[in-house]
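Per-entry structural report
Here's the letter readout for the chains.
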Amino acid sequence: MKQVSATVKNDQAPTDFASQWRNFILGFQHLLAMYSGDVLVPLLIGHYLHFSTVQMTYLVSIDIFMCGVATLLQLKQTPLTGIGLPVVLGCAVQAVTPLESIGGKLGITYMYGAIIAAGIFVFLIAGFFAHLKRFFPPVVTGSLITIIGFTLVPVGFQDLGGGNASASSFGAPVNLLIGFLTIVIILLFSAFARGFMKSIAILIGILLASFIAGGLGQVSLTPVSEAAWFHAPQLFFFGVPRFNLSAMVTMILVSLTTMIESTGVFFALSDITGRQLTTQDLERGYRAEGIAAVLGGLFNTFPYSTFSENVGVLKMSGVKTRRPVYYAAFLLLILGLLPKIGALATVIPEPVLGGAMIVMFGMVGVQGVQILHKVDFTKNANLLTASVSIGLGLGITMYPQLFQHMPTEVQIILGNGIVVTSVSAVLLNLLFNHKWARHE
């Protein structure tokens, strides 16, 4: 524990202006990596529930603001909350379909009541869930992190093609040109740049490719002109939350899936930073996510969870401190209060983001492979645990409709490849490697 405290203290020590400027730029890189994925959730839910322009403006801007609040809750370690790793929090994409269903059938106030109930649930079970740490040895965490990365790569390809795979413009030559050009720029700076320029290769790739896309007429500044200048958070903007048992149970199940995914990200960050996670660390991390979800319900936004996208940013940049992420969090707070400025990040073309995602998610997947490299695969038990778990995760990701005839609550759990991999790896590891197993 002494060593962790020293790390935290050093992480927050004042540095010279040049160093602070570098951290700011690195933080901006984190912001761009997560921004589109985070804005997507309020856009999808808002459009589904037929929100007005005023309502949509509030939803997007305050969602961004709450992302900053949620990230700060995780960054800063307190006796009760915060895992203290360089982690960014954003909207849990797993919650989109359940929230649309609750909001559409019962009304949006019940949607926010369910979010608050799920946040309280996460906060209360944090201690119990953290004690499951022993069920996540390298064969489990390696499989989980591999799936987190490789199941997100198709999302990157979808964005690279234009975002909507059913659109006639999907895969248009201009989209492919911009997307693959983004990848080339990132790879060139990663291979030939030195020092700080190498660490912000993703940011440079996104910015340069966006300017080129603008020159090709692929960037529209309409969202910026239509956005408001200022919007403050407001309690119960859409109404006082109301509670329904089935809605609460549904969101609690969603929260369990996000906790499992967050566990994988926590261990991935632990591997990158070289910091061993304790049960208390995990407990504080889960509690922070629970509080963030409660705040999301109170301010009528969404539940928040750890963003796996940003693990790839850390892997690419080689930065292991929290300072850049603090800047990212404060930038999120500012952008959430100033929608017009925040809208600038939304004009980045999808093919540009897709190209960057392919690099980042691939890096996350390979990090999982690196962890699996430490596993003794001469033991058939480990080989079966990893291969079956990864296979199930990839299969479910490709065909989530496999369980379409199951109850909605079951679909929420089994339709998520990351959750399926995690549960499968934990159970198979117990079956083969527990003391009762027959060893080879």
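**Focus: the overall build of the chain**
A tally of regular secondary structure across the chain gives 20 helices and 2 strands. In summary, the chain has a C-alpha radius of gyration of 21 Å against a globular reference of 22 Å for 440 residues, a match within 12%. Each principal axis of the C-alpha atoms in the chain carries an extent, and together these give about 65 × 55 × 50 Å. Relative to its full complement of 440 residues, the chain shows a buried share of 56%. Pairs at least 24 apart in sequence give 83% of the contacts found in the chain among residues at least 6 apart. Looking at the chain as shown, the accessible area adds up to about 19,000 Å², and 68% of this sits on carbon and sulfur atoms. A gap of 12 Å separates the mean positions of the 22 positive and 17 negative side-chain charges of the chain.

**Here's the deal with the packing of aromatic side chains**
With the rule as written, the count across this model stands at 9 aromatic pairs. On the numbers, 5.5 Å between centres and 20° between planes, the contact of W21 with F24 is stacked. Residue W21 and its partner F24 are located together in helix α2 (residues 17–48), separated by 3 residues, close to a single helical turn. Judged by its relative accessible area of 27%, F24 falls in the partly exposed class. Taking 6.1 Å as the distance between ring centres and 25° as the angle between the ring planes, the aromatic pair formed by F136 and F267 counts as stacked. One end of the pair, F136, is in the loop between α5 (108–130) and α6 (138–150); the other, F267, is in helix α12 (residues 245–273), and 131 residues separate them in sequence. When its relative accessible area of 12% is taken as the criterion, F136 is described as buried. The class of F267 is buried, set by a relative accessible area of 13%. Cluster of aromatic residues (ring-pair linked, three or more members): Y58, Y112, F237 and F238. We note R287 situated over the ring of F123; from NZ or CZ to the ring centre the distance is 5.9 Å.

**Side note on helix α15 (residues 323–337)**
In this model α15 runs 22 Å from its N-terminal to its C-terminal C-alpha over 15 residues, within 8% of the 21 Å that 1.5 Å per residue would give. When you tally the buried positions in α15, you get 11 out of 15 residues, the bulk of the element. Within α15 the residues assigned to the buried category are R323, P324, V325, Y326, A328, A329, L331, L332, L333, L335 and G336.

**As for the environment of P339**
Along the chain, P339 turns up in helix α16 (residues 339–342). Taking the C-alpha atoms as reference points, P339 and N300, separated by 39 residues in sequence, lie 17 Å from one another. The residues touching P339, leaving out its near neighbours within four places in the chain, are S61, A227, A228, W229, F230 and H231.

**Details of the packing of α12 against helix α13 (residues 279–298)**
Contact geometry for α12 and α13: axes closest at 11 Å, N-to-C directions at 130°. Here α12 lies oblique to α13, going by the angle between them. In this structure, α12 crosses over α13, and the sense of that crossing is right-handed. For the pair α12 and α13, the contacting residues are M259, S262, T263, F266 and F267 in the first and L282, G285, Y286 and E289 in the second.

**Comments concerning empty space enclosed by the protein**
This structure, assessed with the given rule, holds 2 cavities of 30 Å³ or more. The computed volume of the largest cavity comes to approximately 100 Å³. In this structure, the largest cavity is lined by 13 residues; those nearest its centre are S255, T258, A293, P303 and Y304. Counting residues per element, the ones that place at least two in the lining of the largest cavity are α12, α13 and β2 (304–306). The element contributing the most residues to the lining of the largest cavity is α12, with 5 residues. By residue class, the composition of the lining of the largest cavity is 8 nonpolar, 4 polar and 1 charged.

Cut-offs applied
All residue numbers refer to position in the chain's written sequence, counted from 1. Selection of residues for local features in this predicted model requires a pLDDT of at least 70, selection of side-chain atom pairs for listing and counting requires 80 or more, and totals for whole chains, interfaces and linings are taken over all residues. The side-chain numbers reported here are obtained from all heavy atoms of the structure, hydrogens and water having been left aside. The helix count covers DSSP runs of H or I at least four residues long, the strand count covers runs of E at least two residues long, and both are numbered beginning at the N terminus. Here the radius of gyration uses the C-alpha set of atoms, whereas the globule reference equals 2.2 Å times the residue count to the power 0.38. Only protein chains enter the accessibility calculation, which uses a 1.4 Å probe. A residue is then buried if its area is under 20% of the maximum for its type, exposed if over 50%, and partly exposed in between. What makes two residues a contact is simply this: any of their non-hydrogen atoms within 4.5 Å. Using a 1.4 Å probe, the Shrake-Rupley method yields the accessible areas, and only the shown protein chains count as cover for residues. For the purpose of counting charges, residues Lys and Arg are taken to be positive, whereas Asp and Glu are taken to be negative. His and the chain ends are not included. A charged residue contributes its charge at one atom only: NZ of Lys, CZ of Arg, CG of Asp or CD of Glu. Aromatic pairing here means that ring centres of Phe, Tyr or Trp (its six-membered ring) are within 6.5 Å. Orientation follows from the plane angle: under 30 degrees is stacked, over 60 is edge-to-face, and everything else is tilted. Comment: the charge-over-ring label is applied if NZ (Lys) or CZ (Arg) is within 6 Å of the ring centre and within 35 degrees of the ring normal. For a helix, the expected span equals 1.5 Å multiplied by the residue count minus one. Under this scheme, a helix contributes an axis fitted over its contacting stretch, all axes are lines through C-alpha atoms, and angles between N-to-C directions fall in the 0 to 180 degree range. In this scheme, roughly parallel covers angles under 35 degrees and roughly antiparallel covers those over 145, while 65 to 115 is roughly perpendicular and the rest are oblique. By definition, turning the near helix anticlockwise from the far helix through less than a right angle yields a left-handed crossing, and turning it clockwise yields a right-handed one. Using protein atoms alone on a 1 Å grid, points that fit a 1.4 Å probe yet trap it form a cavity, whereas open point sets bounded by protein on both sides within 12 Å along at least five of seven lines form a pocket; residues with an atom within 4 Å of a point count as lining. Grid points are joined across faces, edges and corners, and a volume is the space filled by probe spheres set on the points. Charged means Asp, Glu, Lys or Arg here, nonpolar means Ala, Val, Leu, Ile, Met, Phe, Trp, Tyr, Cys or Pro, and polar covers whatever is left, Gly included.

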